[in-house]
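Observations on the model geometry
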Amino acid sequence: MRFKVILIDDEPAALEGMQLWIDWEKLGFEISGTCSNGAEGLRSIEELKPDLVVTDVNMPLMDGLEMIGAWQKNGDRKVNFVIVSGYSEFDYARRAMSFGILHYLLKPIDQDEAEKELQTVYQEILHEYERQQISQVASYEETVGLLKKLVTKEPPTQSELTVLERLSGIRETWNLCLVKCDPPVYSQLRETAASLLSDREGIYLIDLEMHCFGIVFGYDPARGQRDESWEILRELSQIYSSYHVFMSVGAGESSLFHLENCYRTAREAIVHNFYDPAYAAIKEYEAVRSCRFQYDYDQIRLIDGIAGAMNLLDVSGFEEAVESAARSFREMEIVPEIVKKIVIHLMYKIMEYLRESDGEQVESLLAKYNLLLSGLSDAVLLLDDLMGHLLNCGRDTIQMMHREQSLKSQGIIQEINEYIRGHYREALTIKRLSEVFYLHPVYLGQLLQRKNGISFNEFVHNLRIEEAVTHLKQNRQKNSEIAEKVGYANYGQFLKQFEKRMGMSPNEFKNRN
């Protein structure tokens, strides 16, 4: 570990010598500044925040010991000092001991002696740093444990109450920011927050429910959103914006002993993130406290619309049904958990269509959405992303079913046409045909149109009129008998279809032939 050092001496040659003759980097130091007198040194100590100051004692304006005394009296942090003096300046060394300065370098500086002394100083600074770190960690963990007790309503002991009262007094207002993360990234994002909050006063991270943590923070209401704690939360929000994260802040309280209320209101607020346009926006309880979710929703209409589109293999109809449902969810502000359950149910229903098919691609698609659904209940998702999963599931399923039907139809279309040719004299309908060949009637009609170039009904009428022409040429039967023989129960319908195709009536056709 490397510590910062400032060198102070009124003699430029002496300063240059200390920089050149001593291998500061090897000893674990980096020179962050140099000064020529004590007054300048005080300003640099405050600005540069060094761990060690090596100072001459006999300097103009303010000598080294006066500077040390002034810092120890008014400085805001502990700084280690090493003095530089000559043999003739023993009184300075004796006075230095009264300030607690135990290390000194004699002029002219001997490189080896100086490095030995500075090695000892380095170890002392390192041990003090480690001790402080251990103390800070222990204190931080103790504080976090006490805060968690307040959130969970576990009564603190009398000694803990004293600690909490003292802690509560360091800030005017306290609150809790609740952070809910998508399970796969929870550990990573929690560590990000812990690093950002490290060494910050008045702000603590506590673990709460599954995949959630809280940030307890104190702030000055007069500064509002400009307070440092709020700025840290906004920075965290920006870092999290590319992840699936919900964030909310509860109602502020003047005492830490009401922290449970901050947590409760933060939980109420975080649910509203579901309808946000983007992740990691901080939802404040005060902004949503009057909003109320609805529990009732007409699921039947949505299910029927989606089922109808699936039966027809109608992608555009399916997309319209899903988009209409999303608008409805948002406008009515249906409880997010209910929306999620509806969507999961619909995805399972859609997958039932897939299970009626077979093949490696079908199995692969089933595996993909089974994996997605297994984690969907706990996933942190905005409404738009949740409905996106439903859209993708439906589109993929319809596309797969289209592909399966297409493969089947390539070998079956000839068989269907042969069946029609053998049964067109009967009361044949597309519904009857679909039952014979186990195909959906709409899909079957589309298939025949695509393969034959004409609709099913036109195909049947063509076959009937074609046979009627043969009988009329023979002129052995009445027109009505011929109509009935080729499949028409109504002579008017036969006449209409004959004239449409032949451009004349059956009698005119007879006369001409």
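Below you will find a few notes about this structure. Residue positions within a chain follow its written sequence, with the count starting from 1. With the structure being a predicted model, the display of local features is reserved for residues of pLDDT at least 70 and the display and counting of side-chain atom pairs for 80 or more, all residues being used for whole-chain, interface and lining totals. Heavy atoms from the whole structure form the basis of all side-chain values; hydrogens and water molecules are not counted.

1. Some remarks on the overall build of the protein
Comment: elements are numbered from the N terminus, with helices defined as DSSP H or I runs of at least four residues and strands as E runs of at least two. Regarding its fold elements, the protein presents 22 helices and 10 strands. What the globule rule says is 2.2 Å times the number of residues to the power 0.38, and the radius of gyration is computed from C-alpha atoms. Computed over C-alpha atoms, the radius of gyration of the protein comes to 43 Å, more than 25% over the 24 Å expected from 2.2 N^0.38 for 513 residues, which places it beyond the range of a compact globule. For the C-alpha atoms alone, the extent of the protein along its principal axes is close to 150 × 55 × 35 Å. When burial is assessed residue by residue, the protein has 45% of its 513 residues classed as buried. Any two residues whose heavy atoms approach within 4.5 Å at even a single point are treated as in contact. Relative to all contacts within the protein whose residues are 6 or more apart in sequence, the contacts with residues 24 or more apart total 68%. Every accessible area reported is derived by Shrake-Rupley at a probe size of 1.4 Å, with residue values counting cover from the shown protein chains alone. A total of about 27,300 Å² of accessible surface is found on the protein, and carbon and sulfur atoms cover 48% of it. Relative accessibility decides the category of a residue: with a 1.4 Å probe and only protein chains considered, values under 20% of the type maximum give buried, values over 50% give exposed, and everything between is partly exposed.

2. Description of the pairing of strand β6 (residues 173-181)
Across the nine residues that make up β6, a large majority, eight, are buried. In this scheme, strands are said to pair when DSSP sees at least two bridges between them. Note: β6 against strand β8 (residues 212-219), eight bridges, orientation antiparallel. Within β8, the residue paired with Leu176 across the bridge is Val216. Bridging between β6 and strand β9 (residues 245-249) involves five bridges; their strand directions are antiparallel. Across the sheet, residue Cys181 finds its bridge partner in β9, namely Val245.

3. Here we look at the packing of aromatic side chains
To pair, rings of Phe, Tyr and Trp, with the six-membered ring standing in for Trp, must have centres within 6.5 Å; the planes then decide the type, stacked if under 30 degrees apart, edge-to-face if over 60, and tilted in the middle. Evaluated as defined, the whole model comprises 16 aromatic pairs. Between Tyr186 and Phe213, the ring centres sit 6.2 Å apart and the planes meet at 55 degrees, which makes this aromatic pair tilted. Here Tyr186, found in helix α8 (residues 186-197), pairs with Phe213, found in strand β8; they are 27 residues apart in sequence, far enough to count as distant. In this pair, the class of Tyr186 matches that of Phe213, namely buried. Relative to Phe494, the ring of Tyr491 has its centre 5.7 Å away and its plane inclined at 50 degrees; by these criteria the two rings are tilted.

4. Structural notes on unusual backbone geometry
With an omega dihedral of -10 degrees, the bond running from Lys107 to Pro108 counts as a cis peptide bond. The phi dihedral of Lys49 falls on the positive side, at around 50 degrees, and the residue is not glycine. With respect to the helices, strands and loops of the structure, Lys49 is situated in the loop between α3 (38-48) and β3 (52-56). The phi dihedral of His211 is positive, around 60 degrees, even though this residue is not glycine. Among the secondary structure elements, His211 is positioned in the loop between β7 (203-207) and β8.

5. Quick notes on the pattern of salt bridges
Throughout this description, the term salt bridge denotes a Lys or Arg side-chain nitrogen within 4 Å of a carboxyl oxygen of Asp or Glu. As enumerated under the stated definition, the model contains 19 salt bridges in all. A salt bridge links Asp207 to Arg190; the shortest N-O distance between them is 2.7 Å. Separated by 17 residues along the polypeptide, Asp207 in strand β7 and Arg190 in helix α8 bring together distant segments of the chain. When the shortest N-O distance is used, the salt bridge between Lys368 and Asp396 registers 3.4 Å. Of this pair, Lys368 sits in helix α15 (residues 360-376) while Asp396 sits in helix α16 (residues 383-423), and the two are 28 residues apart along the sequence. When salt bridges that share partners are traced, they join Asp9, Asp56 and Lys107 into one network.

6. A word on helix α12 (residues 299-311)
Given a rise of 1.5 Å per residue, 13 residues ought to cover 18 Å, and the 18 Å separating the end C-alpha atoms of α12 matches this to within 8%. The set of residues buried in α12 consists of Leu302, Ile306, Ala309 and Met310. All buried residues of α12 lie within an arc of 105 degrees about the axis, which places them on one face of the element. Facing away from the buried side of α12 by more than 90 degrees, the exposed set consists of Ile300 and Arg301. Directly beyond the C-terminal end of α12, a positive phi value near 55 degrees is found at Leu313. A helix is expected to span 1.5 Å multiplied by its residue count minus one. The arc in question is formed by the directions pointing from the helix axis toward the C-beta atoms.

7. Here's the deal with the sheet that holds β9
What the five strands build is an open sheet, ordered β7-β8-β6-β9-β10; its pairing is mixed. One side of each edge strand has no neighbouring strand; the edge strands of this open sheet are β7 and β10 (282-284). Ignoring strand direction, the axes of neighbouring strands in this sheet form an average angle of 25 degrees. With axes taken as lines fitted to C-alpha atoms, and helix axes fitted only over the stretch in contact, angles between N-to-C directions fall between 0 and 180 degrees. The sheet strands contacting α8 are β6, β7, β8 and β9, and the helix crosses β7 at an angle near 160 degrees.

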